[in-house]
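In case you want the letters, here they are:
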Amino acid sequence: MSASAPYAPNAPNLDFDHAPSWTGPPIHVGVIGGSGLYKLEGLDVITEVNPMTPWGHASSPITVAKTPAGTHVAFLARHGLTHSLSPSSVPSLANIAALKHLGVRCILAFSAVGSLREEIAPKDFVVPSQIIDRTKGIRRATFFGEGNQNGVVAHATFGDPFDEILRPVVEKLTRQALGPDVKVHGRKTLVCMEGPSFSTRAESIMYRAWGGDVINMSTLPEAKLAREAELSYVLIATSTDYDAWRETSAAVDVSEVIKSFQANVANSQKVLKTILDPLHDLVGDDAEAFKKAQGSMKFSVMTKPENVPTIAKDSLRFILPWYPQ
Ligand SMILES: CSC[C@H]1O[C@H](OP(=O)(O)O)[C@H](O)[C@@H]1O
Ligand SMILES: Nc1ncnc2[nH]cnc12
């Protein structure tokens, strides 16, 4: 495993190692921190890993840490530790592949979002159930049929983009962790747009008419790739602003977003303190969510293994160990 190779999004890269990148106690939960959330607080850091995947390196080294109860978890910073990766250039294939290769079964993702609804105020938390894709096709959004995986086609089920077993539980646990001072909204629709600039007022009004409740720039392709890697994926969205739809308010800019950051990051850490142990158990060997996700892509692959190039098979086994030789 070469720890120092540079990130390359579609690298024709054969310098990866199929051996598990983690052989310690099981790590079931991977946390992806968004804007402002660059580390886990109050956990014992065990080590940092930076495995080379067939899709390059992850956004940041992955921290392996332990909760006070002894649960091992993995953490990575979506935009890098210094926030140097724009939403359109986050290496999501490598991020998902690296977490899956550590043995992760469930991803708890955090994201700063704008609100498209009066009732979702800045500093509220939202656990969305649906996504409207407004990315523009410039981000690679599948492990199949492109790059070294040319020649193998798969169509993942994505009607419910978040794990429908874990999502309501995450909503409940988030509400419990935050108490009465922070509003937690469930079953909302997230619009994921192509950044880096924020929306125009006309776009913001259109998203509301479409049924969008919150907006960000980062949940796709992350959630699609997690589904393809047979990982349960749930998002905790933290509201920072009212986007641009309110006629009488100024359109959003970063200074407004940053005003909500401190409270949102502190509250995210509060949630992380209590949610990781139960989430680990919710994707245990006999848990419904794990059993549902494991092997789910077997029904999505269209191409017969005998027609798939060896290089594609070899790299797909990195995320789907059952994939035929
Ligand atoms: C800093 S405002 C825009 C930025 O914030 C969100 O990032 P993340 O989802 O990683 O918290 C949003 O998606 C944009 O990328
Ligand atoms: N208004 C907004 N639009 C897109 N992404 C965001 N992240 C935080 N606020 C946002």
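Rules of the game
Residues numbered from 1 in each chain as written. Chains lettered and ligands numbered in written order. Predicted model: local features only at pLDDT ≥ 70, side-chain atom pairs only at ≥ 80, totals over all residues. Heavy atoms only, no water. Phe/Tyr/Trp six-rings, centres within 6.5 Å; stacked < 30°, edge-to-face > 60°. Buried < 20%, exposed > 50% of the residue type's maximum accessible area, 1.4 Å probe, protein only. Lys NZ or Arg CZ within 6 Å of the ring centre and 35° of its normal. Helix = DSSP H or I, 4+ residues; strand = E, 2+ residues; numbered from the N terminus. Near = heavy atom within 4 Å. Polar contact = N/O pair within 3.5 Å; in protein donor to acceptor, adjacent residues only side chain to side chain. Areas by Shrake-Rupley, 256 points an atom, 1.4 Å probe, with all protein chains shown as cover. Nonpolar A, V, L, I, M, F, W, Y, C, P; charged D, E, K, R; others polar. UniProt positions renumbered as here; feature names shortened; annotations may be inferred. Contact = heavy atoms within 4.5 Å.

**Q** So what's going on with the packing of aromatic side chains? Which residues, and what values?
**A** Scanning the entire structure with this criterion turns up six aromatic pairs. Here the aromatic rings of Trp322 and Tyr323 are separated by 5.8 Å at their centres, their planes lie at 40°, and the arrangement is tilted. Judged by its relative accessible area of 27%, Trp322 is partly exposed. In this structure Tyr323 comes out as buried when scored by relative accessible area, which is 3%. Through a chain of ring-to-ring contacts, the aromatic side chains of Trp55, Phe143 and Phe318 assemble into a single cluster. Here the guanidinium or amino end of Arg208 rests over the ring plane of Trp245, the centre of that ring lying 3.9 Å away.

**Q** Account for unusual backbone geometry, with residues named and values stated.
**A** In this structure, Pro196 follows Gly195 across a cis peptide bond, with omega equal to 0°. If you trace the backbone, Pro196 turns up in the loop between β9 (189–193) and α3 (201–210). That bond from Leu220 to Pro221 is cis: its omega, 10°, falls within 30 degrees of zero. With respect to the helices, strands and loops of the structure, Pro221 is situated in the loop between β10 (214–216) and α4 (222–228). Not every positive phi belongs to a glycine, and Lys123 is a case in point at roughly 80°. Here Lys123 shows up in the loop between β5 (106–115) and β6 (125–127).

**Q** Which residues make up the site of ligand 2, and what values do they have?
**A** Around ligand 2, a shell composed of Ala112, Val113, Gly114, Met193, Phe198, Ile215, Asn216, Met217, Thr240, Asp241, Asp243 and Val252 is seen. One nitrogen or oxygen atom from the main chain of Gly114 is found 3.2 Å from a nitrogen atom belonging to ligand 2. Side-chain polar atom of Thr240 to a nitrogen atom of ligand 2: 3.4 Å apart, as the coordinates give it. Contact with the protein chains removes 95% of the 260 Å² of surface that ligand 2 exposes when unbound. When grouped by side-chain class, the residues that make up the shell around ligand 2 number seven nonpolar, three polar and two charged.

**Q** Which residues make up the UniProt feature "site: Important for substrate specificity" (unreviewed entry) in the protein, and what are the values?
**A** Per the UniProt record, "site: Important for substrate specificity" (unreviewed entry) is found at Ser199 and Val254. These residues run over 56 residues, yet every pair of their C-alpha atoms falls within 12.5 Å of each other. Along the chain, Ser199 turns up in the loop between β9 and α3. When its relative accessible area of 8% is taken as the criterion, Ser199 is described as buried. Once residues within four sequence positions are removed from consideration, Ser199 is found in contact with Met193, Ser204, Tyr207, Ile215, Asp243 and Ala244.

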